[in-house]
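Understanding the architecture of this molecule
Listed below, chain by chain, are the residues.
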Amino acid sequence: MKNKNRKKEKDMAERITGHTELIGLMAYPIRHSSSPTMHNEAFAYLGLDYAYLAFEVDNDALEDSIKGLRALRMAGANISMPNKAAVIQYLDRLSPAAELCGAVNTIVNDNGVLTGHNTDGIGYMQSLKDNNIDVLGKKMTIVGSGGAATAIQVQAALDGVAEMSIFNIKDKFWKNAEATIQKINERTECKVALYDLADLDKLKEEIADSYLFTNATGMGMKPLEGQTYIPDKSFFRPDLIVTDVVYSPSETAMLKMAKEVGCKTMNGMGMILFQGAAAFEMWTGKKMPIEHMKKVLDIKYD
Ligand code: NAD
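What you see is a predicted model; the values in this text were computed from it and never measured.

**Brief notes about the overall build of the chain**
Check the secondary structure of the chain and you find 11 helices and 12 strands. In terms of C-alpha radius of gyration, the chain reaches 20 Å, essentially the compact-globule figure of 19 Å for 302 residues. By residue count, 50% of the 302 residues in the chain fall in the buried class. Sequence-distant contacts in the chain: of pairs separated by 6 or more residues, those separated by 24 or more amount to 69%. Placing the 35 positive and 39 negative side-chain charges of the chain at their respective mean positions leaves the two points 5 Å apart.

Printed below as a string of structure tokens:
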């Protein structure tokens, strides 16, 4: 163990130089994040002169942190909760997806001009593609209207999903769903509708008419681990694709049920990898070594 740590320290000492560019992750809490491991592994693998560090930054420290990013000429940053919406006021430009989501998870510093992007939806759509799932021109049903769901809905509509049925419980996120639908209808060709998740007959009907169904809520992970709002297997059919944004546990109760029916399934690990890969490419101009990263992060499709 001691020798292993020594080797790591030596690698680090050789890798970080006076030229190394810094990329930060600004969120709170953030110490548990897998993003530093993912990006630093990819930089080392490709021999790119960047370092990625996590900073505990909440809303109160955000303005100073973005000023710091500019002053230090950092290459960019990832932004996570609670800063995804609050950071917008400190940036110069937004990508179309970030503007439609009203949330930023990636900042690119282009010679002092800071552009906010949202790569969560890109990550989800790319993970489908990587798993040979083609939802473009087709209909999907999605549950959720929080951060992850909105990013997926916006990107799916921008990319060319033909029709989308959104379900949510009538909680504080319902307003979000209404706003997202209005923006998608105004700005894309996607036909989108919103339903109450309490209407299970409608949920069954919309799933039956869809190519793909996805959970984009925290249902299935702690504290709701082992639970699903899908009442029984009759909601699924073998040629339905069923995906979940939850990555821990790797198989939610919903995915387990879908597998038992014979559906092709996918959990949220691919979304994490590909949201990171999209940001990585924006900062470095290089593709993330996806197959290597899948081994490092232990990502396997069913
Ligand atoms: P959020 O707090 O912004 O949204 C929560 C959503 O869950 C809302 O739509 C809310 O109405 C819904 N919800 C809450 N309780 C519910 C219940 N009992 N039944 C049905 N719906 C309920 O959260 P978020 O940031 O969008 O995260 C949602 C999930 O997505 C989390 O599990 C998170 O880990 C995961 N996530 C995954 C990735 C990834 O890359 N795979 C990225 C972001 C988030």
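**A word on the sheet that holds strand 10 (residues 212–215)**
Sheet architecture is open: six strands sit in the order 9-8-7-10-11-12, paired in parallel fashion. What marks the edges here is a single partner per strand, and that holds for strand 9 (191–196) and strand 12 (264–266). Neighbour-to-neighbour, the strand axes of the sheet open up by a mean angle of 15°, direction not taken into account. Judged from the six bridges that link them, strand 8 (residues 163–168) and strand 9 form a sheet pairing that is parallel. Paired with Asn 168 across the strands is Asp 196, a residue of strand 9. Sitting on the sheet, helix 6 (residues 147–159) is in contact with strand 7 (139–143) and strand 8, with an inclination near 165° to strand 7. Strands strand 8 and strand 9 of the sheet are contacted by helix 7 (residues 174–187), whose axis makes an angle of about 165° with strand 9.

**Some thoughts on the packing of aromatic side chains**
Enumeration over the complete set of coordinates arrives at five aromatic pairs. Residues Phe 213 and Phe 236 carry aromatic rings whose centres are separated by 6.0 Å and whose planes lie at 45° to one another, so their mutual orientation is tilted. With Phe 213 in strand 10 and Phe 236 in the loop between strand 10 and strand 11 (241–244), this residue pair connects regions lying 23 residues apart in the sequence. Exposure class is identical for Phe 213 and Phe 236. Each is buried.

**Focus on unusual backbone geometry**
Of note, the amide linkage connecting Lys 222 to Pro 223 takes the cis form, showing an omega dihedral of 0°. Positionally, Pro 223 belongs in the loop between strand 10 and strand 11. Geometrically, the link from Ser 248 to Pro 249 is a cis peptide bond, its omega value of 10° lying close to zero. With phi around 50°, Asn 111 is a residue other than glycine that occupies positive phi space.

**Structural notes on the domain arrangement of the chain**
A common way to express how large an interface is: the accessible area buried when the components associate. Here the domain parsing of the chain yields domain 1 (2–119 + 274–294) and domain 2 (121–270). Taking only C-alpha atoms into account, the centre of domain 1 sits 28 Å from that of domain 2. Taken together, the 11 residues of domain 1 in the interface contact 14 residues of domain 2. Between domain 1 and domain 2, roughly 1100 Å² of surface is buried when both sides are summed, and carbon and sulfur atoms account for 63% of that area. The largest share of the area that domain 1 buries against domain 2 comes from Leu 100, Cys 101 and Phe 274, three residues that together contribute 59% of it. Summed over the shared surface of domain 1 and domain 2, the result is two salt bridges. Across the salt bridge formed by Lys 294 and Asp 130, the nearest N and O atoms sit 2.7 Å from each other. Counting every contact that joins domain 1 to domain 2 gives six residue pairs in polar contact (both at pLDDT 80 or more). Elements supplying a minimum of two residues to the side of domain 1 that touches domain 2: helix 4 (96–101) and helix 10 (269–284). Here the side of domain 1 that touches domain 2 is built from residues that sort into six nonpolar, three polar and two charged.

Definitions and cut-offs
- Residues numbered from 1 in each chain as written.
- Predicted model: local features only at pLDDT ≥ 70, side-chain atom pairs only at ≥ 80, totals over all residues.
- Heavy atoms only, no water.
- Helix = DSSP H or I, 4+ residues; strand = E, 2+ residues; numbered from the N terminus.
- Rg over C-alpha atoms; globule rule 2.2 N^0.38 Å.
- Buried < 20%, exposed > 50% of the residue type's maximum accessible area, 1.4 Å probe, protein only.
- Contact = heavy atoms within 4.5 Å.
- Lys, Arg positive; Asp, Glu negative; His and termini not counted.
- Charge placed at Lys NZ, Arg CZ, Asp CG, Glu CD.
- Pairing = 2+ DSSP bridges.
- Axes fitted to C-alpha atoms, helices over the stretch in contact; angles between N-to-C directions.
- Phe/Tyr/Trp six-rings, centres within 6.5 Å; stacked < 30°, edge-to-face > 60°.
- Domains from an automatic or database assignment.
- Buried area = accessible area lost by both parts, 1.4 Å probe.
- Salt bridge = Lys/Arg side-chain N within 4 Å of Asp/Glu carboxyl O.
- Polar contact = N/O pair within 3.5 Å; in protein donor to acceptor, adjacent residues only side chain to side chain.
- Nonpolar A, V, L, I, M, F, W, Y, C, P; charged D, E, K, R; others polar.

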